[in-house]
Amino acid sequence: MSKQPPSDPTFDNAPGRSVGTSTDPLDWYGLPRDELERKQLQTIQRRMQRRMDSNTTVFRPHLLTRTRTADRGARPLSGVFWESPDIWVAVGAPDSNPAIPTTTRVSNPTVGKPHTLYAHAWNLGLAPAIGITVEFLVFNPSIAFDGQRPLFRAVTRVDLAGRTTPAECHRLVKCPTAWVPTSDNNGHECIIVRVSGVGDTLQPAHRFEPAFDRHVAQRNLQVSLFGDNQSALLGSLSGTLPKGGRLKYVVAGAEAQQTVDLVAPGLLVDPRATPRVVQDIKEAPKPAPGRATVVRIEGVGPGGDTVGGYSIVMTAQPLG
């Protein structure tokens with residue numbers, strides 16, 4: 001096989017290619033054929049082309065890391081986009097953690113100790129994707145990430161089959177580098193995961209925006225004891241608002257059970273709870289033992305649009 005590809009789109013002597021020759025430029029397989037065979041092949045090729053022209057299913061990858069459990073990649077999204085179920089944190093360094101964590105997710109990482117990040121990557125397209133880049137980023141609590149320098153960054157790669165092979169079209173990917181939370185925000189940081197591959201890449205205009213790019217997922221969640229001082233967190237979030245923006249505090253309703261399950265399995269949200277705006281976190285109702293109150297701190301831009309957020313799961317007593 002020559003080192004340079006020939007002008008023909010198929011490499012010379014590629015694996016599986018016949019050593020036969022043909023002067024017919026429409027015979028892609030390089031096989032010697034008589035006149036009847038060539039006409040039959042051309043007829044089949046025209047039929048295949050007509051079928052492909054009318055086929056709305058495209059053979060390509062469709063990479064995704066989910067924003068919600070029912071996420072299929074349609075964008076843009078409205079509402080909460082910072083509680084991704086596809087981002088996990090486990091105590092301990094990657095070398096000591098399995099490919100699939102056997103412990104409960106970590107809700108509040110411990111400052112100064114190594115943790116392992118995981119991301120669930122999906123390919124919902126028909127074509128397989130090889131060498132997918134999975135990027136892990138950690139930022140200080142923030143409403144907007146563009147322009148910020150991450151506190152942590154690591155990259156690994158994964159191969160995924162197409163969706164016609166369900167068991168192989170998604171995988172939990174372990175970050176190869178340990179993340180050690182710093183004391184700046186008591187370990188409460190924002191985690192971003194991005195997936196990208198040949199033929200299906202990030203959108204440069206939305207490189208940190210899960211609501212607009214299915215390749216991006218975000219998780220800003222923490223568990224706090226009701227009444228804890230949140231001034232440091234609120235100050236950090238306020239400092240990253242767009243000019244003219246403000247923070248809005250929303251007590252979540254029964255739909256927040258999914259959020260609680262992500263960070264505090266076993267706790268329950270009152271099924272009668274309804275979403276409502278409050279003036280301050282302190283106005284959120286104190287949860288009863290065994291229950292949780294979820295407050296979503298949303299960044300609101302000058303035009304009234306939601307530009308980011310952070311969720312706090314409050315409990316009546318410290319989690320054991």
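For the structure, check the block above.
About the cut-offs
Residues numbered from 1 in each chain as written. Predicted model: local features only at pLDDT ≥ 70, side-chain atom pairs only at ≥ 80, totals over all residues. Heavy atoms only, no water. Helix = DSSP H or I, 4+ residues; strand = E, 2+ residues; numbered from the N terminus. Buried < 20%, exposed > 50% of the residue type's maximum accessible area, 1.4 Å probe, protein only. Contact = heavy atoms within 4.5 Å. Areas by Shrake-Rupley, 256 points an atom, 1.4 Å probe, with all protein chains shown as cover. Pairing = 2+ DSSP bridges. Axes fitted to C-alpha atoms, helices over the stretch in contact; angles between N-to-C directions. Phe/Tyr/Trp six-rings, centres within 6.5 Å; stacked < 30°, edge-to-face > 60°. Polar contact = N/O pair within 3.5 Å; in protein donor to acceptor, adjacent residues only side chain to side chain. Arc of directions from axis to C-beta.

(A) Highlighting the overall build of the chain. For the chain, the count of helices and strands is three helices and 13 strands. Counting over 320 residues, the chain shows a buried share of 43%. Residue pairs at least 24 apart in sequence account for 64% of intrachain contacts in the chain once pairs closer than 6 positions are excluded. Accessible surface computed for the chain: about 17200 Å², of which carbon and sulfur atoms make up 54%.

(B) Fine view of the sheet that holds strand 12 (residues 292–300). Spatial ordering of the open sheet is given by 9-13-12-10-11, a layout of five strands whose pairing is mixed. The two strands at the open ends of the sheet, each matched to only one other strand, are strand 9 (221–225) and strand 11 (276–278). Across the sheet, the axes of successive neighbouring strands diverge by a mean angle of 35 degrees, strand direction being ignored. In this structure, strand 9 lies alongside strand 13 (residues 306–315), joined through five bridges in parallel fashion. Note on strand 13: the bridge partner recorded for L221 is S311. Set on the sheet, helix 2 (residues 231–238) makes contact with strand 9, strand 10 (246–251), strand 12 and strand 13; between it and strand 10 the angle comes to about 130 degrees.

(C) Examining the side chain of T259 more closely. Looking at where T259 falls in the secondary structure, it is placed in helix 3 (residues 257–263). Non-local contacts of T259, meaning those with residues more than four positions away in its chain, are made with E83, L221, R296 and V313.

(D) How the structure looks around the sheet that holds strand 7 (residues 190–196). With respect to topology, four strands assemble into an open sheet ordered 5-4-7-8, the strand pairing being antiparallel. The open sheet has two edge strands with one neighbour each: strand 5 (152–160) and strand 8 (216–219). Within this sheet the neighbouring strands show an average axis-to-axis angle of 20 degrees, counted without direction. Where strand 4 (residues 129–139) and strand 7 come together, seven bridges link them in antiparallel fashion. Note on strand 7: the bridge partner recorded for L137 is I192.

(E) Geometry of the packing of aromatic side chains. What the rule picks out here adds up to two aromatic pairs. On the numbers, 5.1 Å between centres and 80 degrees between planes, the contact of F81 with W82 is edge-to-face. Grouping residues by exposure puts F81 and W82 together as buried. Ring plane angle 85 degrees and centroid distance 5.6 Å describe the contact between F139 and F208, whose orientation is recorded as edge-to-face. Here the residue F139 occupies a position in strand 4, and F208 occupies one in the loop between strand 7 and strand 8, the gap between them amounting to 69 residues. For the pair F139 and F208, one class covers both residues: buried.

(F) A look at the environment of E168. Mapping E168 onto the fold places it in the loop between strand 5 and strand 6 (170–174). When residues no more than four places from it in sequence are discounted, the contact partners of E168 are L160 and A161. Among the polar contacts listed, one links the side chain of E168 to the side chain of R171, at a separation of 3.4 Å.

(G) Examining helix 2 more closely. Turning to helix 2, its buried residues number three or more, namely L233, L234, S236 and L237. Projection of helix 2 onto a plane perpendicular to its axis shows the buried side chains occupying an angular sector of 160 degrees, all on one side. Looking at the packing, one finds that the buried side of helix 2 touches strand 9, strand 10, strand 12 and strand 13.

(H) The pairing of strand 10, seen in detail. As paired elements, strand 10 and strand 12 share six bridges and run antiparallel to each other. Considered in strand 12, the bridge of V250 is made with R296. Sheet topology note: the strand 10/strand 11 ladder contains three bridges and is antiparallel. Across the sheet, residue Y249 finds its bridge partner in strand 11, namely V278.

(I) Representation of the side chain of R66. Its place among the elements puts R66 in the loop between strand 1 (63–64) and strand 2 (87–91). For R66, a relative accessible area of 14% puts it in the buried group. Here the side chain of R66 touches D86 through a polar contact of 2.6 Å, side chain to side chain. Discounting chain neighbours no more than four positions away, the residues touching R66 are D71, S84, P85, D86, H120, W122 and A217.

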